[in-house]
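Below, each chain spelled out in residue letters.
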Amino acid sequence: MKKTMIARALPFALVTLASGQAAASGFQLLEQNASGLGNAYAGSAAVADNASTIFFNPAGMTQLQAREVSAGINAIRPTYKFTDQGSSVGALAGTGTGNDAGAWAFVPNAYLSWALDKDLYVGVGISVPFGLVTEYDKPWLGAAQAVKFDIKTININPSIAYRVNEKVSLGFGLNWQRMEAEYTRVAAVSNAATTGTNVTLDASDDSMGWNIGALFTLSERTTLGISYRSKMKHTLTGDIRVDGTLAGFNAALTTGAAKADVELPDTVIFSVAQQLNDRWEMLGDVSWTGWSSIQKIHIVRTSGTLINQTVQTLDADFRDTWRIALGANYKLDDAWKLKFGVAYDQTPVTGPGTRLVSLPDSNRTWLTAGAQWQVSPASTVDMGVAYLHVPETTINNNQAASGRGTVTGTYDARVWILGAQYSMAF
């Protein structure tokens, strides 16, 4: 049975591509460690207690020991159930609603930090910052708009940090990112209930970007962090192929090379960590994501009879978004720290008319808890759990003018995330 997966990744031993529909808004994957999961990633740019700070704020490496390594994984289980409320899809799809479009999936990460001297640190991170897999069971009434949408990324992030003085540290990183996309929809059918001709775009690209960060130690109890990750512009190039019962009917006009331009958003994070007393620590986080970089994605033929023609446009019309998170840590004893968090995460989708069946995204509220176990002076284990409440989401996407019908209904959604991470100094 085909599913909509929030996140999927290959094992650590194979540094390849990973994909998944993000637990953060849009198709962003916020789960770049497990140590921040219990706090709903509050204080992410201000807390530097392991090498995963390389992703959230590379300046935090100056707070680490001489050499540190951290590796983690997040297991994510979404539920997405569609209810039809008067869709008009014509003959290009059946009457199915895709059933529960969720399944367990996994997002890994790994980081290494190394001090060259007491003030200069270098490091590298391997992460999966964006991902999306949406695949519906057949027959699916929205098949003319999308049957499958699969985005995979991997990001390799060499970084450097310098301690200017006891109050200020600065960090910088370069990012090499690989992106692959697969988009499939039904173009024609021989039997509206069962059989379709699929048109699939497979495309990929490599791109470079950068990130910077600063960490300010205002006092022994107060730390501020700010970080920025740049946009990543991808020109995805590949092929369109046709398969299915009626593939031979239009394959000569449709099959061939194609491209699509996608500019992944930049992000800004502002964080604070405040030690209240020997037991309690409070964390705060405000982040902004420039999702308005994605408006309309044009799929353009680059060979054949239709060369230089746009064969389809995906109308995302995203808006910029904000995320607010609050967290708390409680030191139970010398070995255990308990973590709590809450966050509100805004969707880039502007409304039912621009909500895509390939991304039935909505605002969500995070409720999280976790624990950190100090196994030894040099090693820690972090564990976390998050429940994401997603209100009933309405879709009314009208693509009838392009022959892809109108999908009207609601999505019942929720997400569970479980995370674990091991960190070690050596």
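Our structure's up above, just so we're on the same page.
Residues numbered from 1 in each chain as written. Predicted model: local features only at pLDDT ≥ 70, side-chain atom pairs only at ≥ 80, totals over all residues. Heavy atoms only, no water.

Caption draft 1: Quick look at the overall build of the protein. In terms of regular secondary structure, the protein is built from 2 helices and 21 strands. Buried positions account for 56% of the 426 residues belonging to the protein. Excluding contacts between residues fewer than 6 apart, the proportion of contacts in the protein whose partners are at least 24 apart in sequence is 71%. Surface accessibility of the protein: about 16,900 Å² in total, with carbon and sulfur atoms responsible for 60%. (Helix = DSSP H or I, 4+ residues; strand = E, 2+ residues; numbered from the N terminus. Buried < 20%, exposed > 50% of the residue type's maximum accessible area, 1.4 Å probe, protein only. Contact = heavy atoms within 4.5 Å. Areas by Shrake-Rupley, 256 points an atom, 1.4 Å probe, with all protein chains shown as cover.)

Caption draft 2: Molecular detail of the packing of aromatic side chains. Tallied over the entire structure, the rule returns 16 aromatic pairs. The interplanar angle of 90 degrees and the centroid separation of 6.3 Å between the aromatic rings of Tyr41 and Trp366 together place this pair among those described as edge-to-face. Of this pair, Tyr41 sits in the loop between strand 2 (18-19) and helix 1 (53-56) while Trp366 sits in strand 19 (residues 364-376), placing them 325 residues apart in sequence. Classification of Tyr41 as buried rests on a relative accessible area of 2%. An angle of 55 degrees between the planes, with centres 5.1 Å apart, marks the rings of Phe82 and Tyr411 as tilted. Taken together, the residues span a long stretch of sequence, with Phe82 in strand 3 (residues 67-84) and Tyr411 in strand 21 (residues 406-425) at a distance of 329 residues. Residue Phe82 shares its accessibility class with Tyr411, and that shared class is buried. Taken together, Phe27, Phe130, Trp291 and Phe318 form an aromatic cluster joined through their ring pairs. (Phe/Tyr/Trp six-rings, centres within 6.5 Å; stacked < 30°, edge-to-face > 60°.)

Caption draft 3: A look at the pairing of strand 4 (residues 105-115). Relative to strand 4, strand 3 runs antiparallel, the two sharing 10 bridges. Bridge assignment links Ile73 to a residue of strand 4, and that residue is Pro108. Here strand 4 pairs with strand 5 (residues 120-127) via 6 bridges, running antiparallel. Bridge pairing in strand 5 links Leu112 to Val124. (Pairing = 2+ DSSP bridges.)

Caption draft 4: Examining the nonpolar core more closely. Phe27, Trp140, Ile294, Phe318, Val357 and Tyr411 are the most contacted members of the largest nonpolar core, which has 45 residues in total. Grouped together as the second largest cluster of nonpolar side chains are 32 residues, Leu29, Ala45, Ala115 and Ile269 included. (Core = buried A, V, L, I, M, F, W, Y, C linked by side-chain atoms within 4.5 Å.)

Caption draft 5: How the structure looks around the side chain of Thr200. Of note, Thr200 is situated in strand 9 (residues 195-217). Reaching out from Thr200, the side chain makes a polar contact with the side chain of Thr184 at a distance of 2.9 Å. (Polar contact = N/O pair within 3.5 Å; in protein donor to acceptor, adjacent residues only side chain to side chain.)

Caption draft 6: Summary view of the environment of Ala48. Note that Ala48 resides in the loop between strand 2 and helix 1. Note on Ala48: relative accessible area 17%, which makes it buried. For the pair Ala48 and Thr62, spaced 14 residues apart in the sequence, the C-alpha separation amounts to 8.6 Å.

Caption draft 7: Focus on the environment of Phe172. Within the secondary structure, Phe172 is located in strand 8 (residues 168-191). Taking the relative accessible area as the measure of exposure, Phe172 reaches 36% and is therefore partly exposed. Spatially, the C-alpha atoms of Phe172 and Ser159 are 5.6 Å apart, while their sequence positions differ by 13 residues. If sequence neighbours within four positions are ignored, Phe172 has contacts with Pro58, Pro158, Ser159, Ile160, Trp210, Asn211 and Ile212.

Caption draft 8: Molecular detail of the pattern of salt bridges. The tally for this structure, following the rule as stated, stands at 13 salt bridges. Between Lys118 and Asp119 there is a salt bridge, with its nearest N and O atoms 2.8 Å apart. On the basis of relative accessible area, Lys118 is assigned to the exposed category, the value being 62%. In this structure, Asp382 and Lys339 form a salt bridge, with 2.9 Å as the shortest nitrogen-oxygen distance. Of this pair, Asp382 sits in strand 20 (residues 379-398) while Lys339 sits in strand 18 (residues 336-345), and the two are 43 residues apart along the sequence. Classification of Asp382 as buried rests on a relative accessible area of 1%. The structure contains a network of salt bridges with shared partners spanning Lys118, Asp119 and Arg163. (Salt bridge = Lys/Arg side-chain N within 4 Å of Asp/Glu carboxyl O.)

Caption draft 9: Highlighting unusual backbone geometry. Omega for the peptide link from Lys138 to Pro139 comes to -5 degrees, which places this bond in the cis form. With respect to the helices and strands, Pro139 occurs in the loop between strand 6 (132-135) and strand 7 (148-163). Phi at Ala40 is positive, roughly 55 degrees, even though this residue is not glycine. Its identity is not glycine, yet Asn308 carries a phi of approximately 70 degrees, on the positive side. Relative to the helices and strands, Asn308 is located in the loop between strand 15 (296-301) and strand 16 (310-315).

Caption draft 10: Representation of the environment of Arg414. Topologically, Arg414 is positioned in strand 21. Note: C-alpha distance between Arg414 and Pro391 (23 residues apart in sequence) is 8.3 Å. If near-sequence neighbours (up to four positions away) are discounted, Arg414 is found in contact with Arg77, Pro78, Thr79, Tyr387, Leu388 and Val390. Side chain to side chain, Arg414 and Asp412 meet in a polar contact 3.0 Å long.

Caption draft 11: Here's a closer look at the pairing of strand 6. In strand 6, alternate side chains face the same way, and those of Leu132 and Thr134 on one face and Val133 and Glu135 on the other are all buried. Examined bridge by bridge, strand 6 and strand 7 share 4 bridges and lie antiparallel to one another. Paired with Val133 across the two strands is Asp150, which belongs to strand 7.

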